[in-house]
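So the chains spell out like this:
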Amino acid sequence: MGLFAGKGVLGEGQHRAFAVISDSRANDIHLRFHDTCQTYKEFKKKREPALKGLLFPVYAEVSASLVKRYNLNFTEDDVALLWFLCRQEAALLDKTDQACGLFTQTEVELLEWVDDLVLHYLKGYGESINFRMGVPLLQNIVQSMEQAILMKNAAVEKARLRFAHAETIIPFTCLLGLFLSASDIERIQREQPLEPPPKPPQERRWRGSTVAPFAGNSMLVLYKCLVQGSSTGKVTAPEEPSNSFFVQILHNEKPVSIPACNGTYFCPFEEFKERVAGPHLRHTFESLCTVKVTHADCPLTCRISRFFQWLFLRKGYKLHPCEDKDEL
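Reading the values: rules and limits
Residues numbered from 1 in each chain as written. Predicted model: local features only at pLDDT ≥ 70, side-chain atom pairs only at ≥ 80, totals over all residues. Heavy atoms only, no water. Axes fitted to C-alpha atoms, helices over the stretch in contact; angles between N-to-C directions. Helix = DSSP H or I, 4+ residues; strand = E, 2+ residues; numbered from the N terminus. Parallel < 35°, antiparallel > 145°, perpendicular 65-115°, else oblique. Contact = heavy atoms within 4.5 Å. Nonpolar A, V, L, I, M, F, W, Y, C, P; charged D, E, K, R; others polar. Patch = residues over 30% accessible without salt bridge, like charges linked within 9 Å, V, L, I, M, F, W, Y side chains within 5 Å. Areas by Shrake-Rupley, 256 points an atom, 1.4 Å probe, with all protein chains shown as cover. Salt bridge = Lys/Arg side-chain N within 4 Å of Asp/Glu carboxyl O. Buried < 20%, exposed > 50% of the residue type's maximum accessible area, 1.4 Å probe, protein only. Phe/Tyr/Trp six-rings, centres within 6.5 Å; stacked < 30°, edge-to-face > 60°. Left-handed = near helix turned anticlockwise from the far one by under 90°.

On to the packing of helix H3 (residues 76-93) against helix H4 (residues 105-122), then. Direction vectors running N to C along H3 and H4 enclose 90°, while the axes themselves pass 12 Å from each other. In terms of orientation, H3 and H4 fall into the roughly perpendicular class. Contact residues: H3 offers Val79, Trp83 and Arg87, while H4 offers Val108, Leu111, Glu112 and Asp115. Considered class by class, the residues forming the contact of H3 with H4 number 4 nonpolar, no polar and 3 charged.

Following this line, the structure appears as structure tokens:
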């Protein structure tokens, strides 16, 4: 725990105290909202088969090129497996001359674009529910910043660390409106889906390899800044505390501009609340993620089952559904 060594009063290593808070996978709406949002799970189940229609033409195009180049009978499934192996070797072993060496640069860019399409439609800007379901996490972060501001000079927590997967990071970056142009950010503030990333060789801002690489992370930092006095010239804290606080966003440890805040790197906290978080915080997780079922869609056995689920939840029981997980 070198991160906390020498910064506290605990033990010989002078460790600093810290708290660990966790929740069950079935009930975690902050970090596993992709598992707990029923609206999203229904959408994903319906959308996934349609995405195969986007993948097949590209895999067929690449497989035809491989057959011609190597005089071997490559199928679309072979291309998918070789591309998966290429990504793993590149990310984990830093090797691009084995499986990746079978593809040309143009084919690599085309296959990467197909991956981005899948992420766009299932986890990114391609559908508003993809990022709107992350509202509890954004709300929790804003509230923790407000609490820090109200505490003023009192002892407050220095950091709140959260650990999750790409299924959490990608929607969260979309909530923040990162990697977008000025015109696109207006649509996100209206919670409208965006067009898919353009096909190579056209340039695109949003790339899965940038948004959610291995060990990808997002960091929001709250700064308290002093201001220059207009009459005396002295550096003082302003009378309105909220005016002296700014939010910076770092993605994969690098500062990124905030499109919703005029593309600046330091956004005044009140402006961050209004322009970045505000458009999304008018919803609740329950209103977004509760599947509305009519009696016509739900037979008697279904309604009985839902009644007992509701009854158990009221009594405090936690349901733990057994479902296959799809994580990066």
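Once you've had a look at it, read on.
Taken together, the side chains of Leu92, Leu93 and Phe214 define a hydrophobic patch exposed on the protein surface, amounting to about 350 Å² of accessible area. Position of Leu92 relative to the elements: it lies in helix H3. Of the residues examined, Leu92 reaches a relative accessible area of 57% and is grouped as exposed.

What follows is about the packing of aromatic side chains. Applying the stated criterion across every chain, the model contains 6 aromatic pairs. With centroids separated by 6.2 Å and ring planes inclined at 65°, the aromatic side chains of Tyr70 and Phe74 adopt a geometry described as edge-to-face. A residue is classified by how much of its surface remains accessible, and Phe74, at 15% relative accessible area, is buried.

It is worth spelling out the environment of Tyr59 at this point. Positionally, Tyr59 belongs in helix H2 (residues 38-70). Through-space distance from the C-alpha of Tyr59 to that of Asp78 is 9.0 Å; in sequence the pair is 19 residues apart. Setting aside anything within four residues of it in sequence, one finds Tyr59 in contact with Glu76, Val79, Ala80 and Leu111.

The next point concerns the packing of helix H6 (residues 135-151) against helix H10 (residues 269-281). Pairs of packed helices are described in terms of their axes, by the angle between the two and the distance that separates them. Orientation of H6 relative to H10, taken along the N-to-C sense of each, is 155°, at an axis distance of 10 Å. Classed by the angle they form, the pair H6 and H10 counts as roughly antiparallel. Read as a crossing pair, H6 and H10 show a hand that is left-handed. Residue-level contacts link Val135, Leu138, Gln139, Val142, Met145, Glu146 and Ile149 of H6 to Phe269, Phe272, Lys273, Ala277, His280 and Leu281 of H10.

Under the definition given, this model contains 10 salt bridges. A salt bridge links Arg87 to Asp115; its shortest N-O distance comes to 3.1 Å. Taken as a pair, Arg87 in helix H3 and Asp115 in helix H4 lie far apart in primary sequence, 28 residues in all. Since its relative accessible area comes to 33%, Arg87 is described here as partly exposed. Across the pair Glu112 and Arg204 runs a salt bridge, and its minimum N-O distance is 4.0 Å. Residue Glu112 is located in helix H4, and its partner Arg204 is located in the loop between helix H8 (182-189) and helix H9 (208-211); the two are separated by 92 residues in the primary sequence. Sharing partners across several salt bridges, the network here consists of Glu112, Asp116, Arg204 and Arg207.

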